[in-house]
Amino acid sequence: MDASNKPDAPDGRWRALLDTELAVVVRGLWDGSVGHTVRCVPTRRTVAVEHGGGHVFGKWRVRGGNAASEEWHWLHLLPLLGIRTAEPIVWIGNRRRNLLVTAGVAGRPLDAWALEAHRAGWLFELVAYACRDVARAVRRLHDQGLVYRDLYWNHLFAGDPRVAAEAPVFLDCERVMRPRWRWRRWVVKDLASLWASVPVPVGRRAVLRFLRSYLGEPLVEHRPLLVAIAAKAARIRRHVPRYG
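Residue numbers restart at each chain and count upward from 1, following the sequence in its written direction. For this predicted model, a pLDDT threshold of at least 70 governs which residues receive local features, and a threshold of 80 or more governs which side-chain atom pairs are given and counted, while totals over whole chains, interfaces and linings are taken from all residues. Hydrogens are left out, water is left out, and the side-chain values use all remaining heavy atoms of the structure.

Draft legend 1. Examining the overall build of the protein chain more closely. Only runs of H or I of at least four residues qualify as helices and only runs of E of at least two qualify as strands under DSSP, and these elements are numbered from the N terminus. Across its full length, the protein chain carries eight helices and eight strands. We take the radius of gyration over the C-alpha atoms and set the globule estimate at 2.2 Å times the residue count to the 0.38 power. Here the C-alpha radius of gyration of the protein chain, 19 Å, is about what a compact globule of 244 residues would show, namely 18 Å. Counting only C-alpha atoms and orienting by the principal axes, one finds that the protein chain spans roughly 60 × 45 × 35 Å. With a 1.4 Å probe rolled over the protein chains alone, any residue whose accessible area is under 20% of its type maximum counts as buried; one over 50% counts as exposed, and the rest are partly exposed. The burial tally for the protein chain puts 46% of its 244 residues in the buried class. Computed by Shrake-Rupley with a 1.4 Å probe, the accessible areas treat only the displayed protein chains as cover when residues are assessed. As presented, the protein chain carries roughly 13000 Å² of accessible surface, and 52% of it is formed by carbon and sulfur atoms.

Draft legend 2. Representation of the environment of Ala 164 within the structure. Take Ala 164: it is sitting in the loop between β7 (156–158) and β8 (169–170). You can call Ala 164 buried: its relative accessible area is 17%. With 30 residues separating them in the primary sequence, Ala 164 and Val 134 have C-alpha atoms 11 Å apart. Note on contacts: a residue pair is in contact if any heavy atoms of the two residues lie within 4.5 Å. Not counting residues up to four positions away in its chain, the partners in contact with Ala 164 are Tyr 129, Arg 132 and Gly 159.

Draft legend 3. Up close: the packing of helix α5 (residues 123–143) against helix α7 (residues 204–215). The convention used is that axes are lines fitted to C-alpha atoms, helices contributing only their stretch in contact, and that angles between N-to-C directions extend from 0 to 180 degrees. Closest axis-to-axis distance for the α5/α7 pair is 8 Å, and the angle between their directions is 35°. At the point where α5 passes α7, the crossing takes the right-handed sense. Residues Phe 124, Val 127, Ala 128, Ala 130, Cys 131, Val 134, Ala 135, Val 138, Arg 139 and His 142 of α5 lie in contact with α7, whose contacting residues are Ala 206, Arg 209, Phe 210, Ser 213, Tyr 214 and Leu 215. Across the contact of α5 with α7, the residue classes tally to 12 nonpolar, two polar and two charged. In this scheme, a crossing is called left-handed if the near helix is turned counterclockwise away from the far one by less than a right angle; it is called right-handed if the turn is clockwise. Residues are grouped as follows: Ala, Val, Leu, Ile, Met, Phe, Trp, Tyr, Cys and Pro are nonpolar; Asp, Glu, Lys and Arg are charged; every other residue, Gly included, is polar.

Draft legend 4. Expanded view of the confidence of the model for the protein chain. Put simply, the protein chain has an average pLDDT of 89, and 91% of its residues get 70 or more. Known as pLDDT, the predictor's per-residue confidence is scaled from 0 to 100. This stretch, residues 1–9, has a pLDDT under 50; its non-local contacts, to residues over four places away or in other chains, come to 25 contacts.

Draft legend 5. Layout of the pattern of salt bridges. For this analysis, a salt bridge means a side-chain nitrogen from Lys or Arg found within 4 Å of a carboxyl oxygen belonging to Asp or Glu. Tallied over the full model, the rule gives 11 salt bridges. In this structure, Arg 27 engages Asp 31 in a salt bridge whose closest nitrogen and oxygen atoms are separated by 3.1 Å. With Arg 27 and Asp 31 both in helix α2 (residues 20–31) and four residues apart, the pair spans about one turn of that helix. In this structure, Asp 160 engages Arg 162 in a salt bridge whose closest nitrogen and oxygen atoms are separated by 2.8 Å.

This is how it looks when you write it as structure tokens:
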């Protein structure tokens, strides 16, 4: 669906852009008659509903029109830049109350894969996937002059990392930004967020291996950057999330 076709009201032209069954699902999400809540904070709720052998996700926002607009924009633009995202389906409502619907993504969030890998003894394979595919995807994002500002392992989806041959899918991309200044600060935050959000112990060697892959050159040439990333990661780990 083209970004220029963003609908403005729940009963607008969006129906003509979707097949009948999907339009029924979207209408049900809007009415609150289908699906189950998978995440909820005071101004935002994400609902999942089964459709076509998979899932469709609806993200409700109250007074979140700007965030919805940003996410709708990046869901269309990032894939054109080689960054995988969930497929956008429709955005309906208004700036006071709106619903952004995307197709489900195959696989699981990488923090869930990490917990399983740690338990089952294949953490080495997960680290290899991260150093190869995740590092490459993050570098591709940064090479486009963009930062994520919400780059945690639970926002990256992938198939089984032991056999995955594709880059991860980036979710919740409403905070993507093209900084006009303080570029290094935002890059540090992205990389530190990944380091701080690994839910299992992976060892410093694995972290340095990831950063070496991201940078594409010897780490000795980037010591100040590494120190800044480590310090920021420590501050993030000390932070208590607002909503858990």
